[in-house]
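# Structure assessment
One-letter residues, chain by chain:
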Amino acid sequence: MTTTALSDTTDTTGSAASTGPADSRAVADSAVASGGRKRPSTQDARTEAGPPQRSASTRPAELADGQTFARAVHAEWIKVASLRSTWITSLIAVAITVLFSTAISIAYASIPEAADSAADAVIAGNQFGQIVVAVLGALIITGEYSSGQIRSSLAAVPHRWRLLLAKAIVVGALSFAIGAVSTLLTWAVSTPFMDGHGGSLTDPEYLGFVWGTGLSFAGIALMSLGLGFLLRSTAGAITLAITLLFVVDIPLSAMSIKWDWAVSLQGLEPLQTAMAVYDPFHHIVSWGTAGSIYFLQQWQAALVFGAWALVPLALGWVVFTRRDA
C-alpha cells in the first residue's frame, strides 16, 4: 500500500510538472468551475488597473510650457486687483492729488495777478500723488516677499523675466490710470469755481497734462517697483523711494545757496525731471535756464526721468534672476 501511494504521488507530481502553460490555464479554469478562486495574471492586473498615471513631477513643466506672457500679465492683474491695499493706496493718491491741485487752481483764479496761470495749476499737486504712487509700486512686490507668495508666483511663472515684465506692465498701467484720472477729476472739480479761467480739454496742449501726468506717475511707480525687487523689504524700498523723491532735496536746497553743483544735482532729481513729462508743452517751466535747477533742455530732463524709472528696474531684474526667492 505504501508503494502504491508513493507511485501515485510521483505520477501526480510528474504530470503536474509536465503540463505546459495551456494545461496550467485549463487547470486554473477547472478550479474556478469547481468553486475555487482564480488568481489574475500580471498582464490582466495591469489591464484592469488602467493606463499608468502621470508623475506629479512632470506637471509643473507642462504648466510652464503652457504659460504665456498674456496669461502672466492677467494673473498679475488679478493679484493686484484682489488686494485691498491696492485700492486704498490708489484712492489716497487720487484724493491727495485732486485736493492740492484743485485748491491751488481755485486760489490762483481768485488772484488777478495769477489768474492767467490758474488753468495750468491742475498739475500743481502731482508731486504729492507721485509719492503715494511710489508706495504703491513698492508694496506690489515687497508684499509678496513678506508673505511668501513670491514662491507661488515663481511656480506658476518659472521664467523670471516674464514675471518681472508682467508686474511692470500692470504697475505702469495702473499708475498711468491714477495720474490721468487725477488730472481729469481736478479739471472737472475746479473749473466751475475758476470764473472762466479754467482750461479746455479740446486743446491738445492742455490735454497733454492728462497723459503727461499719467506717464510721470507710471515712471515713479516703476522706479519704486525696481527698488522693491532690489531690497525685498517694504520698509527699505519705501524709505529709499521717499528719500530720492523728497528727503534728498532738503539738504541739496540748503547747499545750493553756496555751491552751484548742488543746484545741478537738484535739477537731476526725479521729481524735478518729472515736470518735463507731466508738463509736455512747458507751460510752467522754462527749460534750459542756466544757473537754475532747470538747466537741462526738456528732452534731456525727460531722458533723465526715464533713467530714474528704468535703471532701478533693470538692476532689480539682474538681482531677481540671480538670487533665490
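These lines cover the structure that appears in this document, whether it is placed above or below. This one's a predicted model, so the numbers in the text were calculated from it and none came from an experiment. (Residues numbered from 1 in each chain as written. Predicted model: local features only at pLDDT ≥ 70, side-chain atom pairs only at ≥ 80, totals over all residues. Heavy atoms only, no water.)

### Re the overall build of the protein
On a plain count of helices and strands, the protein comes out with 16 helices and zero strands. Across the 325 residues that make up the protein, the buried fraction comes to 37%. Within the protein, residue pairs in contact and separated by at least 24 positions form 74% of the contacts whose partners lie at least 6 positions apart. Looking at the protein as shown, the accessible area adds up to about 17800 Å², and 66% of this sits on carbon and sulfur atoms. (Helix = DSSP H or I, 4+ residues; strand = E, 2+ residues; numbered from the N terminus. Buried < 20%, exposed > 50% of the residue type's maximum accessible area, 1.4 Å probe, protein only. Contact = heavy atoms within 4.5 Å. Areas by Shrake-Rupley, 256 points an atom, 1.4 Å probe, with all protein chains shown as cover.)

### Observations regarding the packing of aromatic side chains
A ring pair, where both rings are aromatic, is described by two values, the distance of the centres and the angle of the planes. Taken as a whole, this structure holds six aromatic pairs when the rule is applied. Considering the side-chain rings of F100 and F128, the 4.2 Å spacing of their centres and the 10° angle between planes classify their relative orientation as stacked. Of this pair, F100 sits in helix α6 (residues 84-110) while F128 sits in helix α7 (residues 126-147), placing them 28 residues apart in sequence. Above the plane of the ring of F320 lies R160, whose end atom (NZ or CZ) is 5.2 Å from the centre. (Phe/Tyr/Trp six-rings, centres within 6.5 Å; stacked < 30°, edge-to-face > 60°. Lys NZ or Arg CZ within 6 Å of the ring centre and 35° of its normal.)

### Focus on a nonpolar patch on the surface
A surface patch of nonpolar side chains, about 440 Å² in accessible area, is lined by W161, L165, I169, W317 and V318. Within the secondary structure, W161 is located in helix α9 (residues 160-190). (Patch = residues over 30% accessible without salt bridge, like charges linked within 9 Å, V, L, I, M, F, W, Y side chains within 5 Å. Salt bridge = Lys/Arg side-chain N within 4 Å of Asp/Glu carboxyl O.)

### Examining helix α8 (residues 149-156)
Residues spaced three or four apart along an α-helix point in a common direction, a consequence of the helix completing one turn every 3.6 residues. Burial in α8 covers these residues: I150, S153 and L154. Summarising the axial view, the buried residues of α8 lie within an arc of 95°, below the 170-degree limit, and thus occupy one face. Along α8, the residues that are exposed and aim more than 90 degrees away from the buried face are R151, S152 and A155. Next to the buried residues of α8 lie α5 (69-81), α7, α9 and α16 (298-322). (Arc of directions from axis to C-beta.)

### Examining the side chain of S90
Relative to the helices and strands, S90 is located in helix α6. Judged by relative accessible area, which is 6%, S90 ranks as buried. Contacts of S90, omitting those with residues within four sequence positions, involve L136, L174 and I178.

### Describing the nonpolar core
Counting residues in hydrophobic clusters, the biggest one holds 31 residues, and the most contacted among them are I150, I178, L225, F229 and F320. Every element with two or more residues in this core is listed here: α5, α6, α7, α8, α9, α10 (204-231) and α16. Element by element, the count of residues in this core is highest for α9, at eight residues. F229 has contacts with I141, Y145, L164, K167, G316, V319, F320 and R323, leaving out every residue within four places of it along the chain. (Core = buried A, V, L, I, M, F, W, Y, C linked by side-chain atoms within 4.5 Å.)

### Remarks on the side chain of T186
If you trace the backbone, T186 turns up in helix α9. According to the relative accessible area criterion, T186 is buried, its value standing at 0%. Looking at T186, its side chain comes within polar contact range of the main-chain oxygen of S182, at 2.8 Å. Non-local contacts of T186, meaning those with residues more than four positions away in its chain, are made with T97, V98, S101, T102, V122 and T191. (Polar contact = N/O pair within 3.5 Å; in protein donor to acceptor, adjacent residues only side chain to side chain.)

### Describing the environment of T102
Here T102 is to be found in helix α6. Counting along the chain gives 88 residues from T102 to S190, while the straight-line C-alpha distance between them is 5.3 Å. With sequence-adjacent residues up to four places away left out, T102 is seen in contact with T186, V189 and S190.

### Comments concerning unusual backbone geometry
Phi at D195 is positive, roughly 55°, even though this residue is not glycine. Note on placement: D195 falls in the loop between α9 and α10. Phi at H282 is positive, roughly 40°, even though this residue is not glycine. Here H282 lies in the loop between α15 (275-278) and α16.

### Notes on the packing of α9 against α10
Between α9 and α10, the least distance of the axes is 7 Å, while the angle of their chain directions is 145°. Here the hand of the crossing between α9 and α10 comes out right-handed. In the contact of α9 with α10, the residues fall into 19 nonpolar, six polar and one charged. (Axes fitted to C-alpha atoms, helices over the stretch in contact; angles between N-to-C directions. Left-handed = near helix turned anticlockwise from the far one by under 90°. Nonpolar A, V, L, I, M, F, W, Y, C, P; charged D, E, K, R; others polar.)

### What to know about helix α11 (residues 234-247)
The complete set of buried residues in α11 reads A237, A241 and L245. End-on, the buried residues of α11 take up no more than an arc of 50°, which puts them together on one face. Of the surrounding elements, those touching the buried residues of α11 are α7, α10 and α14 (270-273). Sitting at the head of α11, S233 places a side-chain oxygen 3.2 Å from the backbone nitrogen of G236.

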